[in-house]
Amino acid sequence: DAMVIQNPRYQVTQFGKPVTLSCSQTLNHNVMYWYQQKSSQAPKLLFHYYDKDFNNEADTPDNFQSRRPNTSFCFLDIRSPGLGDAAMYLCATSRDMRADTQYFGPGTRLTVL
Amino acid sequence: AQKVTQAQTEISVVEKEDVTLDCVYETRDTTYYLFWYKQPPSGELVFLIRRNSFDEQNEISGRYSWNFQKSTSSFNFTITASQVVDSAVYFCALSEADSGNTPLVFGKGTRLSVIA
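Small disclaimer: the values here were computed from a predicted structure and weren't measured.

Draft legend 1. Looking closely at the state of the cysteines. All names here are of chain A. The final tally for this structure, using the stated rule, is two disulfides over all chains. Put simply, Cys23 and Cys91 are joined by a disulfide, and their sulfur atoms are 1.9 Å apart. Around the S-S axis, the bridge from Cys23 to Cys91 shows a dihedral of about -75° and counts as left-handed. Here Cys23 is found in strand β3 (residues 19-25), whereas its partner Cys91 is found in strand β9 (residues 87-94), with 68 residues between them in sequence. Considered together, Cys23 and Cys91 belong to a single accessibility category, that of buried residues. The structure places no disulfide on Cys74, whose sulfur is separated from the nearest cysteine sulfur, that of Cys91, by 6.1 Å.

Draft legend 2. Representation of the interface of chain B and chain A. Residue-level contacts link 23 residues of chain B with 23 residues of chain A. Buried surface at the junction of chain B and chain A, both sides included, amounts to about 1,700 Å², of which 56% is carbon and sulfur. Considering only the surface of chain B that becomes buried against chain A, Leu45, Pro103 and Phe106 of chain B emerge as the three largest contributors, covering 28% of it. Our count for the chain B to chain A interface comes out at two residue pairs in polar contact (both at pLDDT 80 or more). At four residues, the largest contribution of residues to the side of chain B that touches chain A is made by strand β5 (residues 32-39) of chain B.

Draft legend 3. Quick peek at unusual backbone geometry. Along the chain, Asn7 of chain A connects to Pro8 of chain A via a cis peptide bond; the corresponding omega equals -15°. Tracing the backbone through its elements, the reader meets Pro8 of chain A in the loop between β1 (4-7) and β2 (10-13). In this structure, Ser73 of chain B is a non-glycine residue whose phi angle is positive, near 50°. Of note, Ser73 of chain B is situated in the loop between β8 (64-69) and β9 (74-79). A positive phi angle, near 50°, is found at Ala81 of chain B, a position not held by glycine. For Ala81 of chain B, a relative accessible area of 32% corresponds to the partly exposed category.

Draft legend 4. Looking closely at the pairing of strand β12 (residues 110-115) of chain B. All names here are of chain B. Side chains Thr110, Leu112 and Val114 project from β12 onto a buried face, and the interleaved Arg111, Ser113 and Ile115 project onto a face without burial. Bridging between strand β2 (residues 10-14) and β12 involves five bridges; their strand directions are parallel. Following the sheet pairing, Ser12 is matched in β12 by Ser113.

Draft legend 5. Inspection of the packing of aromatic side chains at higher detail. Within this structure, the stated rule accounts for 22 aromatic pairs over all chains. Ring geometry for Phe35 of chain B against Tyr37 of chain B: centres 6.3 Å apart, planes inclined by 25°, an arrangement best described as stacked. By the burial criterion, Phe35 of chain B is buried, and Tyr37 of chain B matches it. Feature note: the residues Tyr33, Tyr35, Tyr103 and Phe104 of chain A together with Phe35, Tyr37, Phe47, Phe91 and Phe106 of chain B constitute an aromatic cluster, connected by ring pairs.

Draft legend 6. Inspection of the environment of Phe73 of chain A at higher detail. Residues and elements named next belong to chain A. Mapping Phe73 onto the fold places it in strand β8 (residues 73-78). Note: C-alpha distance between Phe73 and Val4 (69 residues apart in sequence) is 9.8 Å. The contact partners of Phe73, leaving out residues within four places of it in the chain, are Cys23, Ser24, Met32, Arg67 and Arg68.

Draft legend 7. Representation of the nonpolar core within the structure. Ranked by size, the top nonpolar core spans 24 residues in total, and within it Trp36, Phe77, Tyr90 and Leu112 of chain B carry the most contacts. Listed by contribution, the elements that provide at least two residues to this core are β2, β3 (19-21), β5, β8, β9, β10 (88-96) and β12 of chain B. Counting residues per element, this core draws most heavily on β10 of chain B, at four residues. Discounting chain neighbours no more than four positions away, the residues touching Phe77 of chain B are Val19, Thr20, Leu21, Trp36, Leu48, Tyr64, Ser65, Trp66 and Tyr90 of chain B. With 20 residues, the next largest nonpolar core counts Val31, Tyr33, Leu45 and Leu90 of chain A among its residues.

Rules behind the numbers
Residues numbered from 1 in each chain as written. Chains lettered and ligands numbered in written order. Predicted model: local features only at pLDDT ≥ 70, side-chain atom pairs only at ≥ 80, totals over all residues. Heavy atoms only, no water. Disulfide = S-S within 2.5 Å. Helix = DSSP H or I, 4+ residues; strand = E, 2+ residues; numbered from the N terminus. Buried < 20%, exposed > 50% of the residue type's maximum accessible area, 1.4 Å probe, protein only. Contact = heavy atoms within 4.5 Å. Buried area = accessible area lost by both parts, 1.4 Å probe. Polar contact = N/O pair within 3.5 Å; in protein donor to acceptor, adjacent residues only side chain to side chain. Pairing = 2+ DSSP bridges. Phe/Tyr/Trp six-rings, centres within 6.5 Å; stacked < 30°, edge-to-face > 60°. Core = buried A, V, L, I, M, F, W, Y, C linked by side-chain atoms within 4.5 Å.

Below you can see the structure in the form of structure tokens.
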């Protein structure tokens, strides 16, 4: 029944060591989003894909990249994680863009040592 | 610019009490959608409700109810007879259908603690 799946649920990496988080969906939605959420804060949108069209938020650091090889999968690559990148990373999907409901995965909690 | 304000940072109630979580929004669009999400300690954001700007009818779903008032730009959420399992952070969010570059704008969230 899982609709938006994120792996792993917990990820530990070392300062500067590249890490990849994955997200998959069974909803066949057009749009996939990546959010960063730090403790006691609201989720912050990093970027999203509408099908294959990539949209980066203006304040998303270059250290964060994303790939969407097909409809079902989307990856978040952090090229050189810093201590400030420790956070919960949430993947979400929606059928369409504006005003459509976003469905979230369980998140990946990233720790940077 | 679109904005969502959840003035209550934290609320504590005793089990079985009713509790209302406030949400005030700002938008210039005439067509927009409002959402509530629940985030339990596990971290997943759980969708609760989506309401469009043309539908001001209040909604009830079990112990949950929502009061949408365009005159005051508010979309408040009430939990009746609260339970310990209701303990979570609740986010109100706004999406403008006509304009705006951000698909979904969240409030800062209200942390609800229900004490047995």
